[in-house]
Amino acid sequence: MKDLKSYLESGILEQYVLGDLSNEELLEVEKNALNYPEIRSELLEIESALLSYAMANAIEPSEALRNKVLNSLEKAESEIRPLYGASSKPGQFYKYAFAASLALLFISVILLINLNSKLNDSYTQIAVLQTGNQKFSNQVNHIDEELRDTRNALHFYQNQAAYKLVTLKGSAKAPAASMLVAFNPEEEEVMIDLSSLKMPSNDKEHQYQLWAMVDGKPVDLGVFDSEVDSTGMKKMKSIKYAQAFAVTLELRGGSANPNMDQMMAIGSI
Amino acid sequence: MALRKKEKVGVEALYDMYSSSLYGIIFRIVQHEEIAQDLLQDTFLRIWNSFSSYDASKGRLFTWMVNIARNISIDKTRSKDFRNSSKTEDIENNVLSLEMQSGNTLNPETMGLKELVAKLKPEQKIILDLVYFRGFTHAEVSEELEIPLGTVKTRLRNAIISLRKVFN
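Here the structure is a predicted model, which means the values were calculated and not measured.

Enquirer: Please explain the overall build of chain A as it appears in this structure.
Expert: From N to C terminus, chain A includes six helices and eight strands. Listing the helices and strands of chain A from first to last along the sequence gives α-α-α-α-α-α-β-β-β-β-β-β-β-β. For chain A, the residues scored as buried account for 38% of the 269 residues in total. Taking contacts inside chain A between residues at least 6 apart in sequence as the whole, the part at least 24 apart equals 58%. Accessible area of chain A: about 16200 Å², with a carbon and sulfur share of 57%.

Below is the structure:
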């Protein structure tokens, strides 16, 4: 085509959509539409605009008319059926089925989109609630821990005489490190003083692990973190006898056997 | 039986989706409530009976249905008995008064659209309404408004372009 732009602007496509063309012109537009996607999309745009215009000018017919029309369609259908249904036009039936499915599809898509957006809203709400919940329970845990550590400290101060205080000094790996372990052999209780704890902060993958040396063998007493603002005393696993305490840096959760290369502090009773 | 039931749902869905838009067009062409109701029924009958001739590659379903409604209505306005009966009716009844008639309630969802449509230039709207709602051909509009055919085409195109802007 010589000039697509002036063809698009000639007004013939509007006439085509409005059904105001001769058969000859009509066929020509359809032929051109097949060859040029620009013409096809222009036609769709014109159709959409007029569809919106029709909707803006819609008038709701009465409910009585609805029943009348639907009844007449049903009647017409049952009259047609014996004529074509059995013999010459088996396609007749599928025509209705097709129209019905088309309409159903349309409705389903709208419902689906609607539902989907509601579902997404719900997901967002759930996520927000979960985050809030998580935050709250973290806070409770933290306060819980603090309370426990403070109670332990109180217990220690009330029964100081029963405890042996062991100062662990930093090894070559961490010369500045130091910590205080309170050991009560009678109650088989071991606590570490978090307020005076001086250890390099551990990262998320690692934790400190306290060991008791019993006849030369290390016994696990549990793990702890080094945090700047910790207070109170943390109760570790219980033990009856020990000659010394030592701290190693292990993978988070602790190990079965100490990693001697990562010995951070040690102190004998 | 099940398929029959589905068909019924399909017909109802089709009716519920499109009846108010089609009725609006038919009413504005024939400007007579009783006739418009009959024609809406005829329109749906024809849509239903000629569904196999609808070709989705040649345009939207709605456009196809609108053109059926318009053709049926325009044919009616040109029939002898319509011209006779409408002599007593006020055929120049303007569109504004249509909304006042009892039994025709406006769809509240389209109220916003109506305000947007009101922004169309009057010289564009009159041509669009003559063609779309009164069934005038371009040639008839040119005659009626005493303007050249080329101007009719241009203004109609500009009206549709304005609609595209308004609705997008």
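Next comes the rest of the account.
Enquirer: Looking at this structure, how should I read a nonpolar patch on the surface?
Expert: The grouping of Phe106, Ile107, Ile110 and Leu111 of chain A at the surface amounts to a nonpolar patch, some 350 Å² of accessible area in total. By the element assignment, Leu111 of chain A lies in helix α6 (residues 91-158).

Enquirer: Explain the interface of chain B and chain A to me, please; I cannot follow it from the model alone.
Expert: When the parts come together, some accessible area is lost, and that loss is often what is quoted as the size of the interface. With 66 residues of chain B in contact, the opposing surface of chain A contributes 55 residues. Buried area between chain B and chain A, both sides added, is near 5800 Å², and the carbon and sulfur share of it is 64%. The tally of links from chain B across to chain A stands at seven salt bridges. A salt bridge links Asp16 of chain B to Arg66 of chain A; the shortest N-O distance between them is 2.8 Å. Taken together, the connections running from chain B to chain A amount to 21 residue pairs in polar contact (both at pLDDT 80 or more). The biggest single contributor to the side of chain B that touches chain A is helix α1 (residues 2-30) of chain B, with 22 residues. Taken together, the residues of the side of chain B that touches chain A break down into 29 nonpolar, 20 polar and 17 charged.

Enquirer: Can you walk me through the pairing of strand β5 (residues 217-224) of chain A in this structure?
Expert: Side-chain positions along a regular strand alternate between the two faces of the sheet. Residue and element names in this part refer to chain A. When strand β4 (residues 206-214) meets β5, the two strands line up antiparallel, connected through six bridges. Among the inter-strand pairings, Tyr208 is bridged to a residue of β5, identified as Phe224. Remark: two residues form the turn of the hairpin made by β4 and β5, two consecutive strands paired antiparallel; Asp215 in that turn has positive phi of roughly 50 degrees.

Enquirer: Whenever I open this one, the packing of helix α4 (residues 37-56) of chain A against helix α7 (residues 122-132) of chain B confuses me. Can you help?
Expert: Contact pair α4 of chain A / α7 of chain B: the axes reach a minimum separation of 13 Å and the direction vectors enclose 85 degrees. Considering the angle they form, α4 of chain A stands roughly perpendicular to α7 of chain B. Along the contact surface, α4 of chain A presents Leu50, Tyr53 and Ala54 of chain A, while α7 of chain B presents Lys125, Leu128, Asp129 and Tyr132 of chain B.

Enquirer: Can you help me understand the packing of aromatic side chains in this one?
Expert: The geometry of an aromatic ring pair is captured by two quantities: the separation of the ring centres and the angle between the planes. Inspection of the entire model under this criterion finds 12 aromatic pairs over all chains. Ring plane angle 45 degrees and centroid distance 5.1 Å describe the contact between Tyr15 of chain B and Phe44 of chain B, whose orientation is recorded as tilted. Here Tyr15 of chain B, found in helix α1, pairs with Phe44 of chain B, found in helix α2 (residues 33-49); they are 29 residues apart in sequence, far enough to count as distant. A residue is classified by how much of its surface remains accessible, and Tyr15 of chain B, at 2% relative accessible area, is buried. Consider the rings of Tyr18 of chain B and Phe62 of chain B, whose centres lie 5.6 Å apart with planes at 35 degrees: the pair is tilted. Linking Tyr18 of chain B in helix α1 with Phe62 of chain B in helix α3 (residues 61-78), this pair joins segments that are 44 residues apart in sequence. The residues Tyr18 of chain B and Phe62 of chain B share a single accessibility class, namely buried. Within the aromatic cluster, the residues linked to one another by ring pairs are Tyr53 of chain A together with Tyr132 and Phe133 of chain B. Geometry around Phe133 of chain B places Arg28 of chain B over its ring, the cationic atom sitting 5.5 Å from the centre.

Enquirer: How should the environment of Lys169 of chain A be read in this particular structure?
Expert: Residues and elements named next belong to chain A. Along the chain, the position of Lys169 falls in strand β1 (residues 164-170). Overall, the relative accessible area of 57% leaves Lys169 in the exposed class. In this structure the C-alpha to C-alpha distance between Lys169 and Ser268, which are 99 residues apart in sequence, comes to 9.7 Å. Residues in contact with Lys169, not counting those within four places in the same chain, are Ala177, Met264, Ala265 and Ile266.

Thresholds, definitions, all that
- Residues numbered from 1 in each chain as written.
- Chains lettered and ligands numbered in written order.
- Predicted model: local features only at pLDDT ≥ 70, side-chain atom pairs only at ≥ 80, totals over all residues.
- Heavy atoms only, no water.
- Helix = DSSP H or I, 4+ residues; strand = E, 2+ residues; numbered from the N terminus.
- Buried < 20%, exposed > 50% of the residue type's maximum accessible area, 1.4 Å probe, protein only.
- Contact = heavy atoms within 4.5 Å.
- Areas by Shrake-Rupley, 256 points an atom, 1.4 Å probe, with all protein chains shown as cover.
- Patch = residues over 30% accessible without salt bridge, like charges linked within 9 Å, V, L, I, M, F, W, Y side chains within 5 Å.
- Salt bridge = Lys/Arg side-chain N within 4 Å of Asp/Glu carboxyl O.
- Buried area = accessible area lost by both parts, 1.4 Å probe.
- Polar contact = N/O pair within 3.5 Å; in protein donor to acceptor, adjacent residues only side chain to side chain.
- Nonpolar A, V, L, I, M, F, W, Y, C, P; charged D, E, K, R; others polar.
- Pairing = 2+ DSSP bridges.
- Axes fitted to C-alpha atoms, helices over the stretch in contact; angles between N-to-C directions.
- Parallel < 35°, antiparallel > 145°, perpendicular 65-115°, else oblique.
- Phe/Tyr/Trp six-rings, centres within 6.5 Å; stacked < 30°, edge-to-face > 60°.
- Lys NZ or Arg CZ within 6 Å of the ring centre and 35° of its normal.

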